[in-house]
Amino acid sequence: MRVTVNGEARDISATSVAALLSELDYEGTHFAIALNYDVVPKSRWSETELKAGDEIEIITPRQGG
């Protein structure tokens, strides 16, 4: 299915947020996920289903000042 991840259109096979993170090789838990502009709590990543046309933002922390 086609979704937008961090502003880039992508074809994915994942059907949940957790599966998407695995498909895109994101490891760990130090990031936040927004699905269609709503933050998805980490506890719901496995159960949150993705649909064609969804917009996903994967926000990673950065150091700096």
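Residues numbered from 1 in each chain as written. Predicted model: local features only at pLDDT ≥ 70, side-chain atom pairs only at ≥ 80, totals over all residues. Heavy atoms only, no water.

### Some points on the overall build of the chain
Okay, so step 1: For the chain, the count of helices and strands is 1 helix and 5 strands.
Okay, so step 2: For the chain, the α and β elements follow one another from N to C terminus as β-β-α-β-β-β.
Okay, so step 3: The C-alpha radius of gyration of the chain comes to 11 Å, within 12% of the 11 Å expected for a compact globule of 65 residues.
Okay, so step 4: Based on the C-alpha atoms only, the size of the chain along its principal axes is roughly 40 × 25 × 20 Å.
Okay, so step 5: Scored against the burial criterion, the 65 residues of the chain give a buried share of 31%.
Okay, so step 6: When contacts within the chain are restricted to residue pairs at least 6 apart in sequence, those whose partners lie at least 24 apart make up 54%.
Okay, so step 7: Of the roughly 4500 Å² that the chain leaves accessible, carbon and sulfur atoms contribute 45%. (Helix = DSSP H or I, 4+ residues; strand = E, 2+ residues; numbered from the N terminus. Rg over C-alpha atoms; globule rule 2.2 N^0.38 Å. Buried < 20%, exposed > 50% of the residue type's maximum accessible area, 1.4 Å probe, protein only. Contact = heavy atoms within 4.5 Å. Areas by Shrake-Rupley, 256 points an atom, 1.4 Å probe, with all protein chains shown as cover.)

Fair warning: the whole summary comes from geometry, so function is off the table for now.
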